[in-house]
Amino acid sequence: MIAYIIQRLLQSVLVMAAVGFVAFSLFAYVGDPITIMLGQDYNETERARLAAQLGLDRPFYVQFANFVANAVQGDFGISYRLARPVNAVIRERLPATLELSLIAAFLALAVGVPMGVYTGLKRDSWLSRFFLTVSLIGVSLPTFLIGILLILVFAVILGWLPSFGRGETVQLGWWTTGFFTKSGLKALILPSITLCLFQLTLIMRLVRSEMLEVLRTDYIKFARARGLRDRAVHFRHALRNTLVPVITIAGLQLGAIIAFAIITETVFQWPGMGLLFIQSVSATDIPVMAAYLCLISFVFVVINFVVDLLYYAVDPRLRVDRGAVGGHG
Amino acid sequence: MTSTRANRPLLEVRNLRVEFPTRRGTLVAVDDVSFHIDAGEVLGVVGESGAGKSLTGAAIIGLLEPPGRIAGGEVRLEDKRIDNLSAEHLRRIRGRQIGAVFQDPLTSLDPLFTVGQQLVETIMTHLDLSEAQARSRAIELLREVGIPGAERRIDHYPHQFSGGMRQRVVIALALCAQPRLIIADEPTTALDVSIQAQIITLLKRLCREHGAAVMLVTHDMGVIAETADRVAVMYAGRIAEIGPVGEVIRKPRHPYTIGLMGSIPKLDRAVARLVQIEGAMPRLTAIPTGCAFNPRCPKVFERCRHERPDLMPVETNHAACWLHAPTLTEATRG
């Protein structure tokens, strides 16, 4: 078990090092920062002095080592566009994205799993057919279109919900939250629905097909033959056996929700990291882009690590202790 | 033993018919099957795959896979009809009054729960016991089925047991609420030959000790000969012959049974070559009119091609074969 954790941790570190290298390469290949900082009018001595000041005259690997050392401490330098430390900028934006993503992920699981179980158990009911048909729409419509449609219906025509922004927020230390104000909560509704819809239908369809698969197995038939109640057969035995693939996909999808909140945040002008990233790309704000890249990768790596640990919790067959296989009696 | 039954049988199946509606018409997988099992008795049900023996077992405990359904006849347990009960009533009978053992012990147990958890939940579903009581009962059962170190093994997961050991756990699960009848569907087919005999002996001994009758579904005549009191031979969804196991093996009356016995090698007699029944069992979509066995039967005559024989008494056995049709005067005797 411990060896396994260490091995997974080492792999994670390798992945992060590779991502760090890519992020670092952005500085070298997406425009020359010195040219950008000096503006139109400069001479060679000014250029050399600035390069020395920024450490850009040193060999490549020293620069990379510096970048990594700073990045590990959360220091990604100063934003070209905003002229403020990147970590401060991101820290401002992080709560908005995380709140939106976590609510969307929660919705996707809390609604998608029961719907998947229902459509798996009651295959032929009209409600199942309805869910499946609607889910096709969820899978096939692009996110921005769903967002715009929701805005049109609920913000423009009905005027019930705000069409952009985060509403009023409350400050908790450096974290800002929209959970405690009415306008904050109202502002969350449309973006979180937009963001979760694709994942919700994906999870529903996954849970459904896994349920159908598991319900055909011998141990479910045998559980019925043992006279267990339907509730125990369906939720204790069948659902739990669908969890390994569901955890895998749900974990990856949580990462995807955080990473691809970009589109939703743009549609709803949600002041999160996605919007920040889009703005940074238009301004070629490389420090912010590099930091964003590293942060999102870090989130993915952490989620994958947690998913691997969850496998262990769910499936006893993966646990290393398999010393006690008995002989034939 | 069976000729003078004072009491009602434990299980009585009358004219059972199982159908599978398909797009191309209805398939009759079990057709007009009647038999009974007395308390404590072992009835072997033997036949080729597709003869309907497993479906008969599944129909009795109400676990036919849809779209399969009971289309006629009745199943009585201790003289109460159970084939028309609600799903919830049937569930309470399963495990409590009729236990089941399936073919493949490797897949019968839920891999995510310890054998103890699975025993305890089954015990607590059917018996009014506390969790601690259920657990000590579970340990006792594991000990009874011959699992060494039961106190320790109870907290192990199925993958930590060998195939034979898992089938022992499955038998413990089938017996844990003291059912009156065990339906064992090919309980040894998936096991190593060296372990088959152990499991059969164990099953038989435990059922005797617990006073449970057994319906032993198998295609292995050897297992039947060793274990069963009576045997029913099934062919194409019907019972071809039924009778005390010694009689059926020594003096089979139905030509199909005769062929079946001839195809078993015997060690004590030199047989030039094993007898083989020509042809194959018909598909459910193409069961011939008259006796289903008539195209393969060496003794076929005109009547077999038109009329379907019911079971007719032949000394101690019953055989569904016109060879044993009573003469007209005898027939009126009833």
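Asker: Looking at this structure, I do not really get the overall build of chain B. What am I missing?
Answerer: A count of helices and strands for chain B gives 13 helices and twelve strands. Scaling as 2.2 N^0.38, a compact globule of 334 residues should have a C-alpha radius of gyration of about 20 Å, and chain B matches this with 21 Å. With the principal axes as the frame, chain B shows a C-alpha extent of 65 × 50 × 45 Å. Buried residues in chain B amount to 55% of all 334 residues. Within chain B, counting contacts between residues at least 6 apart in sequence, those at least 24 apart form 63% of the total.

Asker: Can you help me understand the packing of aromatic side chains in this one?
Answerer: Note on aromatic pairs: each is described by the distance of the centres and the angle between the planes. Counted according to the given criterion, the structure contains twelve aromatic pairs over all chains. Centroid distance F21 of chain A to F64 of chain A: 5.5 Å. Interplanar angle 85°. Geometry classified as edge-to-face. One end of the pair, F21 of chain A, is in helix α1 (residues 2-29); the other, F64 of chain A, is in helix α4 (residues 60-72), with 43 residues separating them in the sequence. Residue F21 of chain A is classed as partly exposed on the basis of its relative accessible area of 38%. Ring centres of F130 of chain A and F131 of chain A lie 6.3 Å apart, and the angle between their planes is 45°; this geometry places the pair in the tilted category. Judged by its relative accessible area of 48%, F130 of chain A is partly exposed. What links up through ring pairs into an aromatic cluster is the set F21, F24, F64, F67 and F76 of chain A. The ring of W322 of chain B has R303 of chain B sitting right over it, with the charged end atom 3.8 Å from the ring centre.

Asker: Honestly, a nonpolar patch on the surface in this entry has me stumped. Any pointers?
Answerer: All names here are of chain A. A contiguous nonpolar surface patch, about 1000 Å² in accessible area, is contributed by F144, L145, I148, L149, L152, V153, V156, I157, L158, W160 and I263. Among the elements that line the nonpolar patch, the one with the most residues is helix α7 (residues 143-157), at eight residues. Along the chain, I157 falls in helix α7. For I157, a relative accessible area of 60% puts it in the exposed group.

Asker: It is not clear to me how the confidence of the model for chain A should be interpreted in this structure. Could you clarify?
Answerer: Parts of the model with low pLDDT should not have their predicted coordinates read in detail. Residues and elements named next belong to chain A. Here chain A shows a mean pLDDT of 84. Residues at 70 or above account for 96%. The weakest mean pLDDT in chain A belongs to helix α2 (residues 33-38) at 72; the strongest belongs to helix α9 (residues 218-225) at 92. Contacts of residues 322-329 to residues separated by more than four positions or lying in other chains number 20 contacts, the stretch itself having pLDDT below 50.

Asker: Would you mind going over the pairing of strand β7 (residues 181-185) of chain B with me for this structure?
Answerer: A regular strand places its side chains on the two faces of the sheet in alternate fashion. All names here are of chain B. The buried fraction of β7 is high, at five of five residues. Here strand β6 (residues 98-101) runs beside β7; their pairing, made up of four bridges, is parallel. The residue of β7 that forms the bridge with V101 is A184. Where β7 meets strand β8 (residues 213-218), five bridges bridge the pair, whose relative direction is parallel. Bridging across to β8, L181 finds its partner in A213. Handedness of the crossover joining β7 and β8 through helix α8 (residues 193-210): right-handed.

Asker: Just to check I follow, could you spell out the sheet that holds strand β4 (residues 69-77) of chain B for this structure?
Answerer: All names here are of chain B. Taking strand neighbours across the sheet as the criterion, the four strands line up as β2-β1-β4-β5 in an open arrangement whose pairing is antiparallel. The open sheet has two edge strands with one neighbour each: β2 (25-37) and β5 (80-81). As paired strands, β4 and β5 are joined by two bridges and run antiparallel to one another. Bridge assignment links L77 to a residue of β5, and that residue is K80.

Asker: I keep staring at the domain arrangement of chain A and nothing clicks. Help me out?
Answerer: Frequently, the measure chosen for interface size is the accessible area that the parts lose on association. All names here are of chain A. We note that the domain assignment places domain 1 (2-72) and domain 2 (91-318) within chain A. Of note, the centres of domain 1 and domain 2, computed from C-alpha atoms alone, are 34 Å apart. In this complex, domain 1 contributes 14 residues to the contact, which on the side of domain 2 involves 14 residues. Interface of domain 1 and domain 2: buried area, both sides summed, is about 1300 Å²; carbon and sulfur atoms make up 85% of it. At the junction of domain 1 and domain 2, the tally comes to one salt bridge. Across the pair R8 and D308 runs a salt bridge, and its minimum N-O distance is 2.4 Å. At the junction of domain 1 and domain 2, the tally comes to one residue pair in polar contact (both at pLDDT 80 or more). Residues that form the side of domain 1 that touches domain 2 fall into these classes: eleven nonpolar, two polar and one charged.

Rules used in this analysis
- Residues numbered from 1 in each chain as written.
- Chains lettered and ligands numbered in written order.
- Predicted model: local features only at pLDDT ≥ 70, side-chain atom pairs only at ≥ 80, totals over all residues.
- Heavy atoms only, no water.
- Helix = DSSP H or I, 4+ residues; strand = E, 2+ residues; numbered from the N terminus.
- Rg over C-alpha atoms; globule rule 2.2 N^0.38 Å.
- Buried < 20%, exposed > 50% of the residue type's maximum accessible area, 1.4 Å probe, protein only.
- Contact = heavy atoms within 4.5 Å.
- Phe/Tyr/Trp six-rings, centres within 6.5 Å; stacked < 30°, edge-to-face > 60°.
- Lys NZ or Arg CZ within 6 Å of the ring centre and 35° of its normal.
- Patch = residues over 30% accessible without salt bridge, like charges linked within 9 Å, V, L, I, M, F, W, Y side chains within 5 Å.
- Areas by Shrake-Rupley, 256 points an atom, 1.4 Å probe, with all protein chains shown as cover.
- Salt bridge = Lys/Arg side-chain N within 4 Å of Asp/Glu carboxyl O.
- pLDDT = per-residue confidence, 0-100.
- Pairing = 2+ DSSP bridges.
- Right-handed = clockwise from strand over helix to strand, strands pointing away.
- Domains from an automatic or database assignment.
- Buried area = accessible area lost by both parts, 1.4 Å probe.
- Polar contact = N/O pair within 3.5 Å; in protein donor to acceptor, adjacent residues only side chain to side chain.
- Nonpolar A, V, L, I, M, F, W, Y, C, P; charged D, E, K, R; others polar.

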